[in-house]
Amino acid sequence: MRRIINMIIYDRFWQTLKKRHISTYSLINDHHMSSSTLDRLRKNLPLTTVTLNDLCRILNCELPDIAEYIPSVIVGRYYIVCHDYIVQLYHLAGGNQCK
């Protein structure tokens, strides 16, 4: 089975975090962000618009500095993400990248 899905990825969040010299420690302790939110960002899992708004406020940035829309293809129990000429394969159950 193969079908197209839409995916939001947060690679740009990590780049913006580094540019702003803000650590994950600071997000958790100074800005009261939960470690589970950071885990969701690491795994490219869905976030609420409230969370995205908070991130933009904390990082003083725009939404494209945090998130990017990438079309993906589901094949069986895996989804394929083509991004910047790199093809990544993820398992649907956990969002973990297959090595």
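Quick caveat: nothing in here was measured; it's all calculated off a predicted structure.

The rules behind the values
Residues numbered from 1 in each chain as written. Predicted model: local features only at pLDDT ≥ 70, side-chain atom pairs only at ≥ 80, totals over all residues. Heavy atoms only, no water. Helix = DSSP H or I, 4+ residues; strand = E, 2+ residues; numbered from the N terminus. Polar contact = N/O pair within 3.5 Å; in protein donor to acceptor, adjacent residues only side chain to side chain. Buried < 20%, exposed > 50% of the residue type's maximum accessible area, 1.4 Å probe, protein only. Arc of directions from axis to C-beta. Contact = heavy atoms within 4.5 Å. Phe/Tyr/Trp six-rings, centres within 6.5 Å; stacked < 30°, edge-to-face > 60°. Salt bridge = Lys/Arg side-chain N within 4 Å of Asp/Glu carboxyl O.

**Q** Account for the side chain of Asn44, naming residues and giving values.
**A** Relative to the assigned elements, Asn44 resides in the loop between α3 (35-42) and α4 (49-59). Reaching out from Asn44, the side chain makes a polar contact with the backbone nitrogen of Tyr10 at a distance of 2.8 Å.

**Q** Which residues make up unusual backbone geometry, and what values go with them?
**A** Even without being glycine, His32 reaches a positive phi, approximately 60 degrees. Structurally, His32 can be placed in the loop between α2 (24-29) and α3. In this structure, Asn60 is a non-glycine residue whose phi angle is positive, near 50 degrees. Position of Asn60 among the secondary structure elements: in the loop between α4 and β2 (68-75).

**Q** Please set out α4 residue by residue, giving values where relevant.
**A** Regarding α4, the residues found buried are Thr51, Leu52, Leu55, Cys56, Ile58 and Leu59. When α4 is viewed along its axis, its buried side chains cluster within an angular range of 165 degrees and face the same direction. Opposite its buried face, α4 presents the exposed residues Thr49, Val50 and Arg57, each directed more than 90 degrees away. As for α4, its buried residues are in contact with α1 (11-19), α2 and α3. Taken from the residues just after α4, Asn60 is the one with a positive phi, measuring 50 degrees.

**Q** Can you lay out the packing of aromatic side chains for me, pointing to particular residues and giving the numbers?
**A** A full pass over the atoms with the stated rule returns 1 aromatic pair. For the pair Phe13 and Trp14, a centre-to-centre distance of 4.7 Å together with 75 degrees between the ring planes defines the contact as edge-to-face. What makes Trp14 partly exposed here is its relative accessible area of 27%.

**Q** Pulling in residues and values, what's your account of the environment of Asn44?
**A** Residue Asn44 is classed as buried on the basis of its relative accessible area, which comes to 11%. Each C-alpha atom of the pair Asn44 and Ile8 lies 6.8 Å from the other, and the pair is 36 residues apart in sequence.

**Q** Let's hear about the pattern of salt bridges: which residues, and what values?
**A** All told, the structure shown has 3 salt bridges when counted by the stated rule. In this structure, Lys43 and Asp39 form a salt bridge, with 3.3 Å as the shortest nitrogen-oxygen distance. We classify Lys43 as partly exposed; its relative accessible area is 29%. Note that Arg57 is salt-bridged to Asp54, the shortest N-O span being 3.6 Å. With a gap of 3 residues between them, Arg57 and Asp54 both fall in helix α4, about one helical turn apart.

Read these as spatial facts, not as claims about activity.
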